[in-house]
Amino acid sequence: MPITIYSTIYYLSQFYFVPTYNKIKAENRTNAKKFLSDNFWIFIGIGSIITLVLYSLSDIVINFYLSNVNNELKYLALKLFKVYVFTIPLSSAHSIMAAYLNAESKFIFPAFSSILLNLVVVAALLVFVDSLNIIVIPYAFILGMILQLVFLFFLCVDKINLNPFSIFRKESFRNVFNRTLFLTVIAETLTFLYTIIDRHF
């Protein structure tokens, strides 16, 4: 589920952020910078809330998916799940920065960050899979996401307000939670639910 959420967040940010950002930038570059910062922090906040909810409900989620497997497999799945959920706020931050760079036609950097993630996961598997077994995968994924996040952050740092409390303005939430986001969330939620139901049955 966390990987599915990661994909959903990524595509949501692309389909929502890019056209809205370009529209705002055409009108006022200062407002475009505020829009980027507001989305960056709000997406991280929402991602963190989702992580806390899923972590607290992890037993229920695993039992829902793996009702017919033995306890040993359930325990392993639970361990993996509890690590994977921490990728959600990381992917939220990465998705917004990747969307911003794509909106600025700097496509190579988000693409390279994805390659960086894959390289870290593959390298970790080659080095640690014999000693740590399958548990290495989520930890390698988190490490790869942190590295790709740092890489993109250095490219975007001068465009983002580093004060997370800057979102506590009336216009911040009004800018982020607009009609485009609402429609995109509906579309991505339907896709997400289809994937969840398909994997369950």
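Our structure is the block above this text.
Here goes a summary of the coordinates provided. What you see as residue numbers is a count from 1 along each chain, following the sequence as written. Local features in a predicted model are, by the rule used here, given only for residues with pLDDT of at least 70; side-chain atom pairs are given and counted only at 80 or more, and totals for whole chains, interfaces and linings are based on all residues. Note that the side-chain values use all heavy atoms of the structure and ignore hydrogens as well as water.

Side note on the packing of aromatic side chains
Geometry of aromatic contacts follows a simple scheme: Phe, Tyr and Trp rings, the Trp one being its six-membered ring, pair when their centres are within 6.5 Å, and the pair is stacked under 30 degrees between planes, edge-to-face over 60, tilted otherwise. Tallied over the full model, the rule gives 11 aromatic pairs. For the ring pair Phe 17 and Tyr 21, a centre distance of 5.3 Å and an interplane angle of 15 degrees mean the geometry is stacked. Pair noted here: Phe 17 and Tyr 21 are both in helix H1 (residues 2–27), with a separation of four residues, about one helical turn. Partly exposed describes any residue whose relative accessible area lies between the buried limit of under 20% and the exposed limit of over 50%, with all areas from a 1.4 Å probe on protein chains only and scaled to the type maximum. Owing to a relative accessible area of 0%, Phe 17 belongs among the buried residues under this scheme. Classification of Tyr 21 as buried rests on a relative accessible area of 4%. Taken together, a centroid distance of 5.2 Å and an interplanar angle of 65 degrees make the contact between Phe 112 and Phe 151 edge-to-face. With Phe 112 in helix H6 (residues 108–132) and Phe 151 in helix H7 (residues 136–156), the pair connects residues that are 39 residues apart, well separated along the chain. Take Phe 112: its relative accessible area is 40%, and that puts it in the partly exposed class. For a lysine, the NZ atom is tested; for an arginine, the CZ atom; a charge sits over a ring if that atom is within 6 Å of the ring centre and within 35 degrees of the ring normal. One Lys or Arg, Lys 82, reaches over the ring of Tyr 55 and ends 5.4 Å from the middle of that ring. Helical segments are the DSSP runs of H or I of at least four residues, strand segments are the runs of E of at least two, and each set is numbered from the N terminus.

Concerning helix H3 (residues 58–65)
If you check which residues of H3 are buried, you get Ser 58, Val 61 and Ile 62. Along the long axis of H3, the arc covered by the buried residues comes to 95 degrees, so they all point the same way. On its buried side, H3 packs onto helix H2 (29–56) and helix H4 (71–84). The arc in question is the one traced by the directions running from the helix axis out to the C-beta atoms. Contacts are assigned to residue pairs with any non-hydrogen atoms lying within 4.5 Å of each other.

Let's talk about H2
A helix is expected to reach a length of 1.5 Å times the quantity of its residues less one. Compared with an ideal rise of 1.5 Å per residue, which puts 28 residues at 40 Å, H2 spans 41 Å between its outermost C-alpha atoms and is within 8% of the ideal. The backbone nitrogen of Thr 30 lies 2.8 Å from a side-chain oxygen of the residue at the head of H2, namely Asn 28. Whenever two N or O atoms come within 3.5 Å, that pair is a polar contact, provided that in protein one can donate a hydrogen and the other can accept it, and provided that, for residues adjacent in sequence, both atoms are side-chain atoms.

Quick look at the pattern of salt bridges
Put simply, a salt bridge is a Lys or Arg side-chain nitrogen that is within 4 Å of an Asp or Glu carboxyl oxygen. All chains considered together, the criterion is met by one salt bridge. Ionic pairing is found between Lys 25 and Glu 104, a salt bridge with its closest N-O pair at 3.5 Å. Here the residue Lys 25 occupies a position in helix H1, and Glu 104 occupies one in the loop between helix H5 (87–103) and H6, the gap between them amounting to 79 residues.

Some thoughts on the environment of Asn 22
Assignment of secondary structure puts Asn 22 in helix H1. Given a relative accessible area of 30%, Asn 22 falls into the partly exposed group. Sequence-wise, Asn 22 and Glu 104 are 82 residues apart; in three dimensions their C-alpha atoms are separated by 8.4 Å.

Points about a nonpolar patch on the surface
Patch membership needs two things, relative accessible area over 30% and no salt bridge, and members are linked within 9 Å if like-charged or within 5 Å if nonpolar (Val, Leu, Ile, Met, Phe, Trp, Tyr). For accessible areas, the Shrake-Rupley method is used with a probe of radius 1.4 Å. Any residue's cover is judged against the shown protein chains and nothing else. Where nonpolar side chains cluster on the molecular surface, the patch consists of Val 122, Leu 126, Val 127, Phe 128 and Leu 132 and spans about 500 Å² of accessible area. Looking at the element boundaries, Val 127 is found in helix H6. On the basis of relative accessible area, Val 127 is assigned to the exposed category, the value being 58%.

Looking at a positive patch on the surface
Neither His nor the chain ends is counted toward charge; the positive residues are Lys and Arg and the negative residues Asp and Glu. Charge placement uses NZ in Lys and CZ in Arg. For Asp and Glu, CG and CD serve respectively. A cluster of basic side chains, namely Arg 29, Lys 33, Lys 106 and Lys 159, defines a positive patch on the protein surface. A relative accessible area of 56% means that Arg 29 is categorised as exposed.

Digging into the nonpolar core
Core analysis: the largest hydrophobic core is formed by 51 residues, its most contacted members being Phe 17, Tyr 21, Phe 40, Met 97, Tyr 100 and Ile 160. Looking at this core, the elements that each hand over two or more residues are H1, H2, H3, H4, H5, H6 and H7. Top element by residues in this core is H5. It accounts for 10 residues. Discounting chain neighbours no more than four positions away, the residues touching Tyr 21 are Ala 32, Phe 35, Tyr 100, Ala 103 and Glu 104. We define a nonpolar core as any set of buried Ala, Val, Leu, Ile, Met, Phe, Trp, Tyr and Cys residues linked to one another through side-chain atoms lying within 4.5 Å.

Some remarks on unusual backbone geometry
In the Ramachandran plot, Ser 105 falls in the positive-phi region, its phi being about 65 degrees despite a non-glycine side chain. Counting through the fold element by element, Ser 105 comes out in the loop between H5 and H6.

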